[in-house]
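Notes for the structure review
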Amino acid sequence: MLFPLLNDLTLQFLLTILLILSIIAFLIFQLSTYFKKKPQKEVVITQMKCKPCNYEEKRNFQQGDYVGKKTGKCPECGGEMIIYSIYSELVKGKPKPYVKT
Amino acid sequence: MLQGLGQESWFSLFIFFLFMIIMTFYGQKIQMMVWISEIERALRKLRDYVDKSKGKAISVVKKYGMNEKEIKVNLENFIRFFIISPVDLDPAGVLGRLEFLLDKGKERIHEYASILAPKASESETDNIENILGACIVLDNLYRIVRHFLLLGKKSQSTLHIMQVHMQLPLIMKFAKAYFSSLKAFSEGHPIGDGVGPLVVFYLMDGAPTKEIAKDVVMAEREFEGRKLILVKAKGPGGNVGKPGEAIKKIIEEKKGEIDMIIMIDAAGKLEGEKTGEIAEGIGAAIGDPGPEKYKIEESARKYGIPLNAVIIKQSLIEAVTTMKKEIAEAAVNVVEVVKKRILENTSAKATVLVAGIGNSVGISQ
């Protein structure tokens, strides 16, 4: 029976609690999406390679770089270094300048 | 029974019935208001993408001579550029007409890019063309979404509002992909779609190249006693070229004496698949609207040349933004896959045509 139940203060109390809990859950969900983890930073890497000796270097992308561009002499064998690959990768925190590997 | 109810219970009952009445008569209206507010939020985001893309285009173009005011006027006129698809009620010859219209459209975009940036080099003009293309797509998306929103509000049609709302995640994904591509094109980074030309660049290994069709280059080299004919879009500017035209021309020049064709292209991954996953198959691996694919299939069929495909899986956003590390690494692996396929399926002295399909931005030859 619905009407006698509505008279019951305990039920009203439970419904109020349920309502409050639903509102709190909704707020937590909204806040969690607002403060969601910040995405990782993306850095663009230029990979250079010496064809004769396979020596490799990596650095941050510079304007004017393209795959196949000649970048100078190889420090190992004096051969010609070319840009072999340019790609992006995600890094945690503040991206650091890439140096020789 | 109702006589026994207290004042608090009457109040609860009143609230309950009020709620029922509101939900019965206005439930759909409330739902529509929620949908409209979500569409309006997405529309504001799209407007932001359009404004930022125009800003990016202006900042790139103003380096090449024209002043900002002139660029703005030209860009506003050009951004509404469209191509009307050919009539297909009589499908005979529709591919020829489609190719003609696409070529003319591309020529017009190239002309505009040259007008906006008269001092830009050939590859820079190609990149500006791609930036303009992205601006047109974003502006179109914004206008279409706005049209359906206003139409739905005006006619109070749930159908119009609902269909935009249902497609909103896909539309926003598409818009984000094009917006993100602006960075790659303005700075000249290779994009995910360029994995095909990148594989062919590795295979070319410095061999001399010549232009065989519009914005498509070819090179020839020896590999384990086989002759490789390598085809890719001309770089490092953002070109796709006409690879179908190039492949057809090579096949006709060689009078069909080609033992195998291998096409390498980026392909959309299914949800759950890894970026950079490699798959092999049969057919013309090219994602054009039709004319280029038709030429390749028809030429291969005419001379009975096996048509192999190697695809590298990636999402839409990965295909148009700076190449991800996984895709760059996959390109190196694809070289080995192609070499293995050639050695296993052809004998010495065979001629193999390898075509890397995709945008060559940031990848030379």
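The following refers to the structure shown.

What follows covers the overall build of chain B. Scanning chain B for helices and strands turns up ten helices and seven strands. By its C-alpha atoms, chain B is 105 × 55 × 45 Å across when sized along the principal axes. Looking at chain B residue by residue over its 365 residues, the buried ones come to 48%. Of all intrachain contacts in chain B linking residues separated by at least 6 positions in sequence, the fraction that spans at least 24 positions is 76%. Summing over all exposed atoms, chain B offers an accessible surface of approximately 18300 Å²; the carbon and sulfur share of this is 58%. Computed over 50 positive and 46 negative side-chain charges, the separation of the two mean positions in chain B equals 4 Å.

A few words now on the pairing of strand 3 (residues 226–233) of chain B. Residues and elements named next belong to chain B. Across the eight residues that make up strand 3, a large majority, seven, are buried. Alignment of strand 2 (residues 216–223) against strand 3, held across eight bridges, turns out to be antiparallel. Following the sheet pairing, Glu222 is matched in strand 3 by Lys227. Two successive antiparallel strands, strand 2 and strand 3, enclose a turn made up of two residues, where Glu224 displays a positive phi of approximately 50°. Two strands pair when backbone bridges link them, and strand 3 and strand 7 (residues 351–356) are joined in this way by six bridges, in the parallel orientation. Counted as the bridge partner of Lys232 is Gly356 from strand 7.

Further remarks concern helix 6 (residues 195–204) of chain B. Helix 6 of chain B sits mainly inside the fold: ten of its ten residues count as buried. Directly beyond the C-terminal end of helix 6 of chain B, a positive phi value near 50° is found at Asp205(B).

Before going further, it helps to examine empty space enclosed by the protein. All names here are of chain B. Tallying each qualifying case throughout the model produces one cavity of 30 Å³ or more. Of the pockets and cavities examined, the largest cavity occupies roughly 30 Å³. If you trace the largest cavity, you find it lined by Val231, Lys232, Ala233, Val240, Pro243, Gly356, Ile357 and Gly358. Top contributing element to the lining of the largest cavity by residue count: strand 3, with three residues. Along the lines of polarity and charge, the residues of the lining of the largest cavity split into five nonpolar, two polar and one charged.

Contact with chain B, which involves 29 residues of that partner, is made by 23 residues of chain A. For the interface between chain B and chain A, the tally reads three salt bridges. Salt-bridge contacts for Lys51(A) lead to Asp205(B); the nearest nitrogen and oxygen are separated by 3.6 Å. Where chain B packs against chain A, one counts six residue pairs in polar contact (both at pLDDT 80 or more). Those elements that place two or more of their residues in the side of chain B that touches chain A are helix 1 (7–61), helix 5 (158–187), helix 6 and helix 10 (325–345) of chain B. Counting residues per element, the side of chain B that touches chain A draws most heavily on helix 1 of chain B, at four residues. Classifying every residue of the side of chain B that touches chain A by side-chain character gives 13 nonpolar, ten polar and six charged.

How each quantity is defined
- Residues numbered from 1 in each chain as written.
- Chains lettered and ligands numbered in written order.
- Predicted model: local features only at pLDDT ≥ 70, side-chain atom pairs only at ≥ 80, totals over all residues.
- Heavy atoms only, no water.
- Helix = DSSP H or I, 4+ residues; strand = E, 2+ residues; numbered from the N terminus.
- Buried < 20%, exposed > 50% of the residue type's maximum accessible area, 1.4 Å probe, protein only.
- Contact = heavy atoms within 4.5 Å.
- Areas by Shrake-Rupley, 256 points an atom, 1.4 Å probe, with all protein chains shown as cover.
- Lys, Arg positive; Asp, Glu negative; His and termini not counted.
- Charge placed at Lys NZ, Arg CZ, Asp CG, Glu CD.
- Pairing = 2+ DSSP bridges.
- 1 Å grid on protein atoms, 1.4 Å probe; cavity = no way out; pocket = protein on both sides within 12 Å on 5 of 7 lines; lining within 4 Å.
- Points joined across faces, edges and corners; volume = space filled by probe spheres on them.
- Nonpolar A, V, L, I, M, F, W, Y, C, P; charged D, E, K, R; others polar.
- Salt bridge = Lys/Arg side-chain N within 4 Å of Asp/Glu carboxyl O.
- Polar contact = N/O pair within 3.5 Å; in protein donor to acceptor, adjacent residues only side chain to side chain.

These results come straight from atomic positions and should not be treated as a statement about function.
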